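Examination of the molecular architecture
Now for the letters of each chain:
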Amino acid sequence: MSIESQILELRERLPSTVKLVAVSKFKPAEDILAAYNVGQRCFGENRPQELAAKAATLPSDIEWHFIGHLQTNKLKMVLPYASLIHSIDSLRLLEAVDRGGAALGKVIPCLLEVHIATEESKQGFSAEEILLLNFAAYPNISFRGVMGMASFVDDMVQVRSEFRSLKELRRRVATEHPELMEFDQISMGMSQDYHIAIEEGATIVRIGSTIFGARGI
Ligand SMILES: *Cc1c(COP(=O)(O)O)cnc(C)c1O
């Protein structure tokens, strides 16, 4: 199926309250424009340089989301362009983004990435670390919610329970921190598991290969 028809089909399938981030990493401008031309405005990238290059050349009404592991020395290529950073996965990065926001005179909208999978390799905070965060210490960050990646397994019972734990963590943080006025986003679900993520309360799904095809890496 073409990129255009995949976008149109996803739009029919996703509840209107769920935001679709079209993950365009490794894909050329013409693929992004194909999606853009059927109305898609939100795209996700995971490499700072690629984000900066695409943001500089593609239509300015595109909303770019940064979804990859972010090194503090690459912030200059992300902070000016990203409308939402999904992947804040350490205190060190949190501090650096806060300082970077201050330097730009901006408050940076961020999600906290939570390690919900059983695999060691996935990035993110533990639930305990998030519950202990001193949110007030980062005045240049707007905490918008949580992001997680489920284990890469066929066992959808496990995937569902990981998504459920992320949803529960967001609820708990919002309850314990009523001062976080907009801590309402749950970014979870990719090509292989977004239907489960939606059933479990995702507000943002990040879908790449279903739309653009395999990435060949
Ligand atoms: C690549 C990527 C996606 C999209 O994955 P697909 O399986 O291609 O849909 C979603 N989230 C993150 C963090 C990614 O790196």
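Check the entry above for the structure.
This section reports on the structure supplied with the text. (Residues numbered from 1 in each chain as written. Predicted model: local features only at pLDDT ≥ 70, side-chain atom pairs only at ≥ 80, totals over all residues. Heavy atoms only, no water.)

1. Some words on the overall build of the protein
Helices and strands together make up the secondary structure of the protein, namely eight helices and eight strands. Computed over the C-alpha atoms, the radius of gyration of the protein is 17 Å, within 12% of the 17 Å expected from 2.2 N^0.38 for a compact globule of 217 residues. Looking at the protein as a whole, 50% of its 217 residues are labelled buried. Taking all contacts inside the protein whose residues are at least 6 apart in sequence as the whole, residues at least 24 apart take part in 60%. For the protein, the accessible area works out to roughly 10300 Å², and carbon and sulfur atoms hold 52% of it. (Helix = DSSP H or I, 4+ residues; strand = E, 2+ residues; numbered from the N terminus. Rg over C-alpha atoms; globule rule 2.2 N^0.38 Å. Buried < 20%, exposed > 50% of the residue type's maximum accessible area, 1.4 Å probe, protein only. Contact = heavy atoms within 4.5 Å. Areas by Shrake-Rupley, 256 points an atom, 1.4 Å probe, with all protein chains shown as cover.)

2. Description of unusual backbone geometry
With a phi close to 70°, Phe26 is a non-glycine residue in the positive phi region. Locating Phe26 in the fold gives a position in the loop between strand S1 (19-23) and helix H2 (29-36).

3. Things to note about the layout of surface pockets
Counted as a void, the largest pocket has a volume near 470 Å³. Partitioning the lining of the largest pocket into residue classes produces eight nonpolar, eleven polar and six charged. (1 Å grid on protein atoms, 1.4 Å probe; cavity = no way out; pocket = protein on both sides within 12 Å on 5 of 7 lines; lining within 4 Å. Points joined across faces, edges and corners; volume = space filled by probe spheres on them. Nonpolar A, V, L, I, M, F, W, Y, C, P; charged D, E, K, R; others polar.)

4. Considerations on the pattern of salt bridges
Enumeration according to the criterion identifies twelve salt bridges in this entry. Among the salt bridges present, the one from Glu182 reaches Arg144, with a minimum N-O distance of 3.3 Å. Within this pair, whereas Glu182 is found in the loop between helix H6 (156-176) and strand S7 (185-187), its partner Arg144 is found in strand S6 (residues 141-148), the two being separated by 38 residues in sequence. Among the residues examined, Glu182 registers a relative accessible area of 39% and is labelled partly exposed. Three or more residues joined by partner-sharing salt bridges are found here, namely Glu45, Arg47, Glu50 and Lys54. (Salt bridge = Lys/Arg side-chain N within 4 Å of Asp/Glu carboxyl O.)

5. Some points on the site of the ligand
Neighbouring residues of the ligand: Val23, Lys25, Ile67, Met147, Met149, Met190, Ser191, Arg206, Ile207, Gly208, Ser209 and Arg215. Here an oxygen atom of the ligand and a side-chain polar atom of Lys25 are 2.7 Å apart. The protein chains hide 90% of the 380 Å² of surface that the ligand would expose on its own. Class assignment for the residues of the shell around the ligand results in six nonpolar, three polar and three charged. (Near = heavy atom within 4 Å. Polar contact = N/O pair within 3.5 Å; in protein donor to acceptor, adjacent residues only side chain to side chain.)

6. Thoughts on the packing of helix H1 (residues 3-13) against H2
Packing of H1 against H2 brings their axes to within 8 Å, and their N-to-C directions diverge by 45°. Here H1 lies oblique to H2, going by the angle between them. Note that H1 runs across H2; the crossing there is right-handed. Only Asp31, Ala34 and Ala35 of H2 make contact with H1, whose side of the interface consists of Ile3, Glu4 and Ile7. (Axes fitted to C-alpha atoms, helices over the stretch in contact; angles between N-to-C directions. Parallel < 35°, antiparallel > 145°, perpendicular 65-115°, else oblique. Left-handed = near helix turned anticlockwise from the far one by under 90°.)

7. Focus on the state of the cysteines
Counted by the stated rule, this structure contains zero disulfides. Cys42 takes part in no disulfide bond, and the closest cysteine sulfur, belonging to Cys110, lies 15 Å away. Taking the relative accessible area as the measure of exposure, Cys42 reaches 5% and is therefore buried. On the accessibility criterion, Cys110 (1% relative accessible area) is buried. (Disulfide = S-S within 2.5 Å.)

8. Re the nonpolar core
Grouped together as the largest cluster of nonpolar side chains are 61 residues, with contacts concentrated most on Ile85, Ile88, Val97, Leu112, Phe143, Val205 and Ile211. The element that contributes the greatest number of residues to this core is H6, accounting for five residues. Not counting residues up to four positions away in its chain, the partners in contact with Leu112 are His86, Ile88, Phe125, Ile130, Leu133, Phe135, Phe143, Gly145, Val146, Met147 and Phe183. Core analysis: the next-biggest nonpolar cluster, separate from the first, contains eight residues, Val23, Ile67, Leu84 and Ile204 among them. (Core = buried A, V, L, I, M, F, W, Y, C linked by side-chain atoms within 4.5 Å.)

9. Concerning the side chain of Glu113
By the element assignment, Glu113 lies in strand S5 (residues 108-114). We note that Glu113 is buried and unpaired, the nearest opposite charge coming from Arg206 at a distance of 7.1 Å. Contacts of Glu113, omitting those with residues within four sequence positions, involve His86, Ser87, Ile88, Asp89, Gln123, Gly124, Phe125, Met147 and Met149. (Lys, Arg positive; Asp, Glu negative; His and termini not counted.)

10. A few points about the packing of aromatic side chains
Overall, the coordinates contain four aromatic pairs when judged by the stated rule. A centroid spacing of 4.8 Å and a plane angle of 90° characterise the contact between Phe135 and Phe143, whose relative ring orientation is edge-to-face. The exposure class of Phe135 is buried, given its relative accessible area of 5%. Taking the relative accessible area as the measure of exposure, Phe143 reaches 6% and is therefore buried. Seen from their ring centres, Phe135 and Phe183 are 6.3 Å apart, and the 75° between their planes marks the pair as edge-to-face. In this pair, Phe135 is assigned in the loop between helix H5 (127-131) and S6 and Phe183 in the loop between H6 and S7, connecting sequence segments 48 residues apart. These aromatic residues form a ring-pair network of at least three members: Phe135, Tyr138, Phe143 and Phe183. Positioned above the aromatic ring of Tyr36, the side-chain terminus of Arg41 is 3.5 Å from the ring centre. (Phe/Tyr/Trp six-rings, centres within 6.5 Å; stacked < 30°, edge-to-face > 60°. Lys NZ or Arg CZ within 6 Å of the ring centre and 35° of its normal.)

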